[in-house]
Each structure stands twice: as structure tokens, then as C-alpha cells.
Amino acid sequence: MLYSVSQSRNMQRAKGHAEVSFRARGLKRLYQSGCAKVLLPQNFQPVPEAVFINTSGGVTGGDRLEYSASVEADAALTVTTQAAERIYRASSGAAHITNTLTLAAGSRLDWLPQETILFEGSALKRRLDVDLDESASLLALETLVLGRHAMGETLQQSQLSDQWRIRRNGRMIYADALRFSKPEFETQSAATLNGNRALATLVYVAPDAEDRISNARSLLDFANVEAAASAWNGLLVVRFLARDAQPLRKALISFLTEFRGSNLPRVWHM
């Protein structure tokens, strides 16, 4: 059976919305709809874990995913994803992923999704919005892999808009943006990642963030990965760059395990 172009443009798109909320005594709220799901594995650790899942198997143009996690006063939670998120070629439009985190007084939330892999021809608009109390602690990580190196894939037409907004007591304290419509891997300059195809940003916002800069820098000795850390105004920011995903992932596991003082969620090792 043949389909016309107009019919193909009306293909079904994936939509999903998942929310999880914890209080000091445990789970308060869990909501999921569409292709977005939440797992709450037994980890036998002091801090509970939530695992977000996209059951559509990947993301393409027109898909819309929303994930939210919140912790009430004095609660703690680690959030991750079941696997790397793959952003496939888009036939029309961009995929939208919105992540929202809320932290009350004295709480802690570790946002540790696994890497996002952009395929050639993909288009993604992603946003991370965080609101936290002055006494709360946030550890947030996002990792991007630009193309599948093992398959010799180079991004030529892919589009990305990745926005971070972090507010403490309602006041903006961190804003970051990465945007491109045609990656320039052949240009060897800092502005174009020096030819690297895997990158990660880690932001730690906490009362002791600036005091931990020496500790963070002492953990940045990796093979085949560039990394640097800065601290100011109650924030600690670490940037990672690598030629490929594998050495970067290994470096992140090493850094996060030492910096957090605990093992990463089990799905990171599967």
C-alpha cells in the first residue's frame, strides 16, 4: 500500500508526561501518561531512586516528553533514566523534552540521566527548569553525544537547542544555552568543541558548593577526557569533553561515584 506525502506528515507522534514526588517519609505522588513511565526500584540505599522511561524507544520530530521530579522538605531523591535517549532523524519539526525539578528546604535531588545521542538529521529542543530553596542541594548532569562514532556518523544537518534555567528562592542564578543547526566538527577551536563529539555539563548547587571546588578538581584526572571546574555564587560547574561517548561515560561514573560518596543507580552499569 502506498502513502501520499500529506498522509505521512500526519503520522502518530509520541507524547508522554511523568511526575514523581517524594517527602521525607517516602513517595508522595506518582503520575504517568503516554510513553513516559516511572520505575521505583528497591536499591536498599538511604536515598530512594526514580527511573524515567520512554517506552516509545526513541525520540523524533514532533514527539513531546515532559518529566518532573520534586522533593519536599528534608527529603532526598536520585533520578535517572533507564537507558541512553536516542534522538532519531526528524521528518518534520523538532522533538521537545522538558524537565522540571523542584527542591524544598533542606532537600537534595540528584538529576543523573544517561546520555542523549543525536542521530544525523535529528532536531531537538530540550529544557531543564529548576526551582530550589536556598538550603536545598542539587546535583544536575546532562550528557550529549553528537553522532554515532562507531558507525562513522558525522552530524551535518542536525539541530539542537538545549536550555538550562536554575532559580534559587525565585531568583535566577544559572542560565546556560547550547544551540546549533550544523555542527562544525572540522574546525579545531574551543567554540566548536575542538573536534570532540561527546560533552557533559554538571552543576552542583548547595550551601557547600564553593567549598568543594578543590575536591572536584582533584577528581578530574581522566584518560582521553578534558575536564575543568569552576565555583562561584553558591554553584560548582564542571564541564567534560571527549572524542567519543565511551571514555566520557567512564569518566562520569568515576567522578560521580567519588563526588557523591555513593554508587550510581544500577541502570548506569547495565
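Heads up: these notes are all about the structure in this document. (Residues numbered from 1 in each chain as written. Predicted model: local features only at pLDDT ≥ 70, side-chain atom pairs only at ≥ 80, totals over all residues. Heavy atoms only, no water.)

Side note on the sheet that holds strand β14 (residues 171–180)
Either a parallel or an antiparallel arrangement is found when strands of a sheet pair, and the pairing is made through backbone hydrogen bonds. Ordered in space as β2-β1-β5-β8-β11-β13-β14, the 7 strands form an open sheet in which the pairing is mixed. Among the strands making up the open sheet, the edge pair consists of β2 (26–34) and β14. Taking the axes of each pair of neighbouring strands and ignoring which way they run, one obtains an average angle of 5 degrees across the sheet. (Pairing = 2+ DSSP bridges. Helix = DSSP H or I, 4+ residues; strand = E, 2+ residues; numbered from the N terminus. Axes fitted to C-alpha atoms, helices over the stretch in contact; angles between N-to-C directions.)

Things to note about the pairing of strand β9 (residues 108–111)
The sheet contact formed by strand β6 (residues 76–81) and β9 spans 4 bridges and is parallel. Bridging across to β9, Ala 76 finds its partner in Arg 108.

Notes on the nonpolar core
Within the largest apolar cluster, 46 residues are counted, with the highest numbers of intra-cluster contacts made by Leu 101, Leu 103, Leu 138 and Ile 166. Ignoring anything within four residues of it in the chain, the contact list for Leu 138 reads Leu 101, Leu 103, Leu 109, Val 130, Leu 132, Ile 166, Val 203, Tyr 204 and Val 205. (Core = buried A, V, L, I, M, F, W, Y, C linked by side-chain atoms within 4.5 Å. Buried < 20%, exposed > 50% of the residue type's maximum accessible area, 1.4 Å probe, protein only. Contact = heavy atoms within 4.5 Å.)

Structural notes on helix α3 (residues 245–260)
Here α3 spans 22 Å end to end across 16 residues, near enough to the 22 Å set by a 1.5 Å rise per residue. Within the sequence span of α3, burial applies to Ala 245, Leu 248, Arg 249, Ala 251, Leu 252, Ile 253, Phe 255, Leu 256, Phe 259 and Arg 260. Count one or two residues on from α3 and you reach Gly 261, which has phi positive near 75 degrees. (Expected span 1.5 Å × (residues − 1).)

So, the packing of aromatic side chains
One pass over the full model with this rule turns up 8 aromatic pairs. With a centroid separation of 6.1 Å and 75 degrees between ring planes, the pair formed by Trp 164 and Tyr 174 is classed as edge-to-face. Residue Trp 164 is located in strand β13 (residues 159–168), and its partner Tyr 174 is located in strand β14; the two are separated by 10 residues in the primary sequence. The exposure classification of Trp 164 matches that of Tyr 174, with both residues buried. Centre to centre, the rings of Phe 255 and Phe 259 are 5.3 Å apart; their planes meet at 15 degrees, and the pair counts as stacked. With Phe 255 and Phe 259 both in helix α3 and 4 residues apart, this pair spans about one turn of that helix. Across the pair, exposure class does not vary: Phe 255 and Phe 259 are buried alike. One aromatic cluster is present, formed by Tyr 204, Phe 222, Phe 240, Phe 255 and Phe 259 through successive ring pairs. The side chain of Arg 212 reaches across the aromatic face of Phe 259, ending 3.7 Å from its centre. (Phe/Tyr/Trp six-rings, centres within 6.5 Å; stacked < 30°, edge-to-face > 60°. Lys NZ or Arg CZ within 6 Å of the ring centre and 35° of its normal.)

Points about unusual backbone geometry
Positive phi, normally seen in glycine, also occurs at Asn 169, with a value near 55 degrees. A residue is classified by how much of its surface remains accessible, and Asn 169, at 48% relative accessible area, is partly exposed.

A closer look at a positive patch on the surface
A cluster of basic residues, Lys 15, Arg 64, Lys 125 and Arg 179, forms a positive patch on the protein surface. Tracing the chain through its elements places Arg 64 in strand β5 (residues 64–71). (Patch = residues over 30% accessible without salt bridge, like charges linked within 9 Å, V, L, I, M, F, W, Y side chains within 5 Å. Areas by Shrake-Rupley, 256 points an atom, 1.4 Å probe, with all protein chains shown as cover. Salt bridge = Lys/Arg side-chain N within 4 Å of Asp/Glu carboxyl O. Lys, Arg positive; Asp, Glu negative; His and termini not counted. Charge placed at Lys NZ, Arg CZ, Asp CG, Glu CD.)

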